[in-house]
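Report on the structure
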Amino acid sequence: ADDPVKELNSRGTLVFATSGPNTRTSQMFINYKDNLFLDKQGFAPIGEVVQGFDVAQAVYSGYGEAPSQPRIQKEGNAYLKEAFPKLSYIKAASLS
């Protein structure tokens with residue numbers, strides 16, 4: 001079951017992407033601005049960038065929504081590295 005929305009989709013929050021009820025996979029995004037309209041759509045923030053937001057803002061965004069989610073799920077990084085050579089990757093993260 002999806003997490004209930006308990007926090008606002010405000011700048012700096014970390015959220016699982018979804019395309020409707022019970023469709024969440026492993027894709028996540030950071031709200032780079034307040035996106036309060038997402039609250040009513042069931043996007044439940046699960047964390048917040050508390051340090052290094054400037055690094056998150058430096059992630060390459062030129063591809064937008066172009067990568068195909070089904071292909072990412074089927075082919076993984078091989079697809080991404082071939083089709084989107086400028087894509088940024090997170091190599092390490094920590095929770096506190």
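Relevant structure appears above.
As a starting point, this report considers the structure included with it. (Residues numbered from 1 in each chain as written. Predicted model: local features only at pLDDT ≥ 70, side-chain atom pairs only at ≥ 80, totals over all residues. Heavy atoms only, no water.)

**Section: the overall build of the protein**
- The number of helices and strands found in the protein is 3 helices and 3 strands.
- In the protein, the succession of α and β elements from N to C terminus is β-β-β-α-α-α.
- In terms of overall dimensions, the protein has C-alpha extents of about 40 × 30 × 25 Å along its principal axes.
- Buried residues in the protein amount to 20% of all 96 residues.
- Long-range contacts, defined here as pairs at least 24 residues apart, represent 45% of the contacts in the protein between residues at least 6 apart.
- When the accessible surface of the protein is split by element, carbon and sulfur atoms take 53% of a total near 7400 Å².
- Treating the 10 positive side-chain charges of the protein as one cloud and the 10 negative ones as another, the clouds have centres 6 Å apart. (Helix = DSSP H or I, 4+ residues; strand = E, 2+ residues; numbered from the N terminus. Buried < 20%, exposed > 50% of the residue type's maximum accessible area, 1.4 Å probe, protein only. Contact = heavy atoms within 4.5 Å. Areas by Shrake-Rupley, 256 points an atom, 1.4 Å probe, with all protein chains shown as cover. Lys, Arg positive; Asp, Glu negative; His and termini not counted. Charge placed at Lys NZ, Arg CZ, Asp CG, Glu CD.)

**Observations concerning the side chain of T18**
- Within the fold, T18 resides in the loop between β1 (13-16) and β2 (28-30).
- Looking at T18, its side chain comes within polar contact range of the main-chain oxygen of G20, at 2.7 Å.
- Not counting residues up to four positions away in its chain, the partners in contact with T18 are T23, R24 and F43. (Polar contact = N/O pair within 3.5 Å; in protein donor to acceptor, adjacent residues only side chain to side chain.)

**Quick notes on the side chain of N31**
- One can find N31 in the loop between β2 and β3 (45-48).
- There is a polar contact of 3.0 Å between the side chain of N31 and the side chain of N9.
- Within the structure, the side chain of N31 is placed 2.8 Å from the side chain of T13, a separation counted as a polar contact.

**Some points on the layout of surface pockets**
- If you add up the space inside the largest pocket, you get close to 2200 Å³.
- Lining the largest pocket are 43 residues, with L14, M28, F29, I30 and I90 sitting closest to its centre.
- Secondary-structure elements contributing two or more residues to the lining of the largest pocket are β2, β3, α1 (53-57), α2 (69-75) and α3 (77-83).
- Each residue belonging to the lining of the largest pocket can be placed in one class, and the counts come to 24 nonpolar, 17 polar and 2 charged. (1 Å grid on protein atoms, 1.4 Å probe; cavity = no way out; pocket = protein on both sides within 12 Å on 5 of 7 lines; lining within 4 Å. Points joined across faces, edges and corners; volume = space filled by probe spheres on them. Nonpolar A, V, L, I, M, F, W, Y, C, P; charged D, E, K, R; others polar.)

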